[in-house]
Amino acid sequence: MTLTKKAEARPTAASWGLAARGGAPWEYAPAPEATDHIQIRPEYGLFIDNAFLPAKPRKTFTVINPATEEPLARVAHASKADVNRAVRAARRAYETTWSRLPGRERAKYLYRIARILQERSREFAVVETMNSGKPIKESRDVDVPLAAAHFFYYAGWADKLDYVFPGRTPHSLGVAAQIIPWNFPLLMLAWKIAPALASGNTVILKPASTTPLTAYLFADVVRQAELPPGVVNIITGPGEIGMELVRHPDVNKVAFTGSTAVGKMIGRAVAGTNKKLTLELGGKAANIVFDDAPLDQAIEGIINGIYFNQGEVCCAGSRLFVQESVYEPLLDKLKARLSTLRVGDPLDKNTDVGAINSATQLAKVQELVDSGVAEGAEIFQPDCELPTRGFFFRPTLFTGVSQSHRIAQEEIFGPVLSVLTFRTPEEAIEKANNTPYGLSAGVWTEKGSRIFKMVAAMKAGVVWANTFNRFDPTSPFGGYKESGYGREGGLHGLTAYLSLDAGS
Ligand code: NDP
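Throughout what follows, the structure given in this document is the object of discussion. These numbers were taken from a predicted model, which means no experiment stands behind them. (Residues numbered from 1 in each chain as written. Predicted model: local features only at pLDDT ≥ 70, side-chain atom pairs only at ≥ 80, totals over all residues. Heavy atoms only, no water.)

On to the pairing of strand β12 (residues 286-289). The two faces of β12 match: Ala286 and Ile288 on one face and Asn287 and Val289 on the other face are all buried. In terms of strand pairing, β12 meets strand β13 (residues 319-323) through four bridges, oriented parallel. From the neighbouring strand, asparagine 287 faces β13, where its bridge partner is leucine 320. One crossover worth recording links β12 to the parallel β13 by way of helix α9 (residues 295-307), and it is right-handed. With four bridges joining them, β12 and strand β17 (residues 440-444) adopt parallel strand pairing. Residue pairing for β17: isoleucine 288 is matched across the bridge by valine 443. (Buried < 20%, exposed > 50% of the residue type's maximum accessible area, 1.4 Å probe, protein only. Helix = DSSP H or I, 4+ residues; strand = E, 2+ residues; numbered from the N terminus. Pairing = 2+ DSSP bridges. Right-handed = clockwise from strand over helix to strand, strands pointing away.)

Turning to the site of the ligand, a few remarks are in order. Neighbouring the ligand are 29 residues, the closest being Trp182, Ser209, Ser259, Lys364 and Glu411. Here glycine 237 contributes a backbone N or O atom positioned 3.2 Å from an oxygen atom of the ligand. Contact distances for the ligand include 3.1 Å between a nitrogen atom and a backbone N or O atom of glycine 258. About the coverage of the ligand: the protein hides 84% of its 860 Å² of free accessible area. Elements supplying a minimum of two residues to the shell around the ligand: α7 (239-247), β10 (253-257), α8 (260-270) and α11 (359-374). (Near = heavy atom within 4 Å. Polar contact = N/O pair within 3.5 Å; in protein donor to acceptor, adjacent residues only side chain to side chain. Areas by Shrake-Rupley, 256 points an atom, 1.4 Å probe, with all protein chains shown as cover.)

Turning our attention to the side chain of threonine 445. With respect to the helices and strands, the residue threonine 445 is situated in the loop between β17 and α14 (448-457). What makes threonine 445 buried here is its relative accessible area of 1%. Within the structure, the side chain of threonine 445 is placed 3.1 Å from the backbone nitrogen of lysine 447, a separation counted as a polar contact. Filtering out sequence-adjacent residues up to four positions away, threonine 445 remains in contact with Phe290, Asp292, Ala293, Arg450, Ile451 and Asn466. (Contact = heavy atoms within 4.5 Å.)

This brings us to the nonpolar core. Within the largest apolar cluster, 140 residues are counted, with the highest numbers of intra-cluster contacts made by Phe151, Phe218, Val232, Ile235 and Ile266. Contacts of phenylalanine 151, omitting those with residues within four sequence positions, involve Leu110, Ile113, Ala114, Leu117, Ala190, Ile193, Ala194 and Phe218. Counting 28 residues, the second largest nonpolar core, distinct from the first, contains Ile288, Phe321, Ile356 and Ile407. (Core = buried A, V, L, I, M, F, W, Y, C linked by side-chain atoms within 4.5 Å.)

Here the focus is the sheet that holds strand β14 (residues 378-380). Pairing in this open sheet of seven strands is mixed, and the strands run β14-β15-β16-β13-β12-β17-β18 from one edge to the other. Each edge of the open sheet is held by one strand with a lone partner, namely β14 and β18 (462-465). Geometrically, the sheet is characterised by an average inter-axis angle of 20° between neighbouring strands, direction not taken into account. Sheet topology note: the β13/strand β16 (residues 416-422) ladder contains five bridges and is parallel. Pairing of valine 322 across the sheet is with threonine 421, part of β16. In the packing of α11 onto the sheet, the strands contacted are β14, β15 (396-399) and β16, and the crossing angle to β15 comes to about 25°. (Axes fitted to C-alpha atoms, helices over the stretch in contact; angles between N-to-C directions.)

As for its position among the elements, serine 475 is in the loop between β18 and β19 (484-485). In this structure, the C-alpha to C-alpha distance between serine 475 and valine 462, residues 13 residues apart in sequence, is 9.5 Å. Not counting residues up to four positions away in its chain, the partners in contact with serine 475 are Glu488, Gly489 and Gly490.

Another point: the side chain of threonine 396. Following the sequence through the fold, threonine 396 ends up in strand β15. Residue threonine 396 is classed as buried on the basis of its relative accessible area, which comes to 0%. In this structure, threonine 396 is in contact with Tyr307, Ile379, Phe380, Gln381, Pro415, Val416 and Leu417, ignoring residues within four places of it in sequence.

Here we take up the sheet that holds strand β5 (residues 70-76). Sheet architecture is open: three strands sit in the order β1-β5-β4, paired in mixed fashion. Of all the strands in the sheet, the pair left with one neighbour each is β1 (43-44) and β4 (60-65). Relative to β5, β1 runs parallel, the two being bridged by two bridges. Paired with tyrosine 44 across the strands is valine 75, a residue of β5. Of the strands in this sheet, β4 and β5 are in contact with helix α3 (residues 121-132), which crosses β4 at around 100°. Contacting β1, β4 and β5, helix α6 (residues 213-224) crosses the sheet at an angle of about 55° to β5.

All told, the structure shown has 17 aromatic pairs when counted by the stated rule. Aromatic pair tryptophan 191 and phenylalanine 477: ring centres 5.3 Å apart, planes at 65°, arrangement edge-to-face. Taken together, the residues span a long stretch of sequence, with tryptophan 191 in helix α5 (residues 185-198) and phenylalanine 477 in the loop between β18 and β19 at a distance of 286 residues. The residues tryptophan 191 and phenylalanine 477 share a single accessibility class, namely buried. Taking the centre distance of 5.2 Å and the plane angle of 80° together, the rings of phenylalanine 290 and phenylalanine 422 count as edge-to-face. Of this pair, phenylalanine 290 sits in the loop between β12 and α9 while phenylalanine 422 is found in strand β16, placing the two residues 132 residues apart along the sequence. In this structure phenylalanine 290 comes out as buried when scored by relative accessible area, which is 0%. A connected cluster of aromatic rings, assembled from ring pairs, spans Trp191, Trp464, Phe468, Phe471 and Phe477. (Phe/Tyr/Trp six-rings, centres within 6.5 Å; stacked < 30°, edge-to-face > 60°.)

Once that is clear, we can look at the environment of alanine 149. If you trace the backbone, alanine 149 turns up in helix α4 (residues 136-158). Sequence separation between alanine 149 and isoleucine 299 is 150 residues, and the spatial gap between their C-alpha atoms is 28 Å.

Next up on the list: the pattern of salt bridges. Once their charged atoms are close, side chains differing in charge can pair, the charge on each being opposite to the other. Under the defined criterion, the tally for this structure stands at 26 salt bridges. Here arginine 122 ties to glutamate 33 by a salt bridge, and the two come within 2.7 Å at their closest N and O atoms. Within this pair, whereas arginine 122 is found in helix α3, its partner glutamate 33 is found in the segment before β1, the two being separated by 89 residues in sequence. Accessibility expressed as a relative area gives 46% for arginine 122, which makes it partly exposed. (Salt bridge = Lys/Arg side-chain N within 4 Å of Asp/Glu carboxyl O.)

On to unusual backbone geometry, then. Residues lysine 56 and proline 57 are joined by a peptide bond in cis, for which omega reads -5°. Residue position: proline 57 is located in the loop between β3 (51-53) and β4. Even without glycine at this site, glutamate 226 takes up a positive phi of about 60°. With respect to the element layout, glutamate 226 can be found in the loop between α6 and β9 (232-234). Looking at glutamate 226, the relative accessible area reads 57%, which means it is exposed. Backbone geometry places glutamine 310, a non-glycine residue, at a positive phi of 55°. Assignment of secondary structure puts glutamine 310 in the loop between α9 and β13.

The following block contains the structure:
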């Protein structure tokens, strides 16, 4: 919906968190999702062998709601000894039960998990939003359904592994250490755990310290699905605990999603071992709009590309390249659309842009935006009212951006778009590929031949045509260059958890 009339009054306290949108005379009524059915425990222990156990020594840290800065729970702070306990549990489960089960039996557990996730979807969506700051409409319509879809999809593969690699015999790897970030806590858990279990491995998952709550809710699901103890273990603690897990000699596979800096450290730690490694790291995607593109459709794709999940998305379309002949009309439409985004309470069903995940991340976004202004780019932000508490940032757009600006080079991981222009397809390709990253890209044009040319030329693991940020469990996802290596999703995602012998 587009609101165009001029404002007569500022929003009242009753419209907490709603954007003023540069002047609508009326506001959406608040539509907060209920939280009274949600039970967040005051404290969560480490999930090892299907039990919640205190860390040894007993130590905890507080997890907060980034939209209110209020504490949600205390979670266990694992020690090196706890890492050993979790790996021992996962090894035992691997040797004694999980690797011995026929694929069709493993599939039953995965189907069960998928169905429970669907049954408890509202609970998962609310907890995800409270803990991460993402809008409820995204956790409800994207994160949770896609997480369930991953379990359904990989359940389907579990009993077919022997038939899908002609002339090769697949074997599970053993114990998988999985480290995930805070931007899609439940979805990244599903991307990691579903293929690992389908292919016969057991896992230890370390969620990000700011967003462990849906992982611990998932631990409940593991028990509800009656998975054998030790098949899924979840431990929380700082980055060093993640590194202990990576370095543990009894771990066979490491899967990491997060920053390129930590990805490189993990790559070094794993080098020279037999551990299999997949790294899904940062990105600086180009979203390229040609002059024959349907502009209104492209506007929605641009908005979704960079403001979805507050821009905290590794494949976000953070660099917009517009063909010069349509630059002005496109920019006018984009600014008008930006002004309609509703920023505020993530639990409100009308909210488009929620809270940034942490004070640290908010400071990083602010610092990079300041650098854009200092380097001479022109900033545009809609005149919207931000909540007085919580980590919020206005959706932001920069024009007059040059290739060398930091905002065109570095991953901001926030609701900030850099707009650049081009004249020819060749110039667009050269500029789009001028980045250390190579995770994703988007192309907007009505010509099929141009789509094929651009897709082939773009150094990006995923290229969307006339859409953006589309995900499906059947489709592999991953990057080139500093965006990492290996693929998650689809059949490719299974091979990351298998070794393939020649012949049988
Ligand atoms: P990190 O890469 O630090 O965090 C991702 C995960 O790795 C978390 O579980 C974290 O644990 C863990 N971790 C941190 N340090 C280590 C380590 N030395 N060894 C093993 N595991 C470790 O990302 P940040 O949260 O610091 O975000 C920084 C920037 O990274 C963002 O601004 C964004 O640009 C990028 N990023 C990219 C993501 C992506 O999807 N590609 C996701 C998240 C961030 P803990 O939370 O306890 O620190």
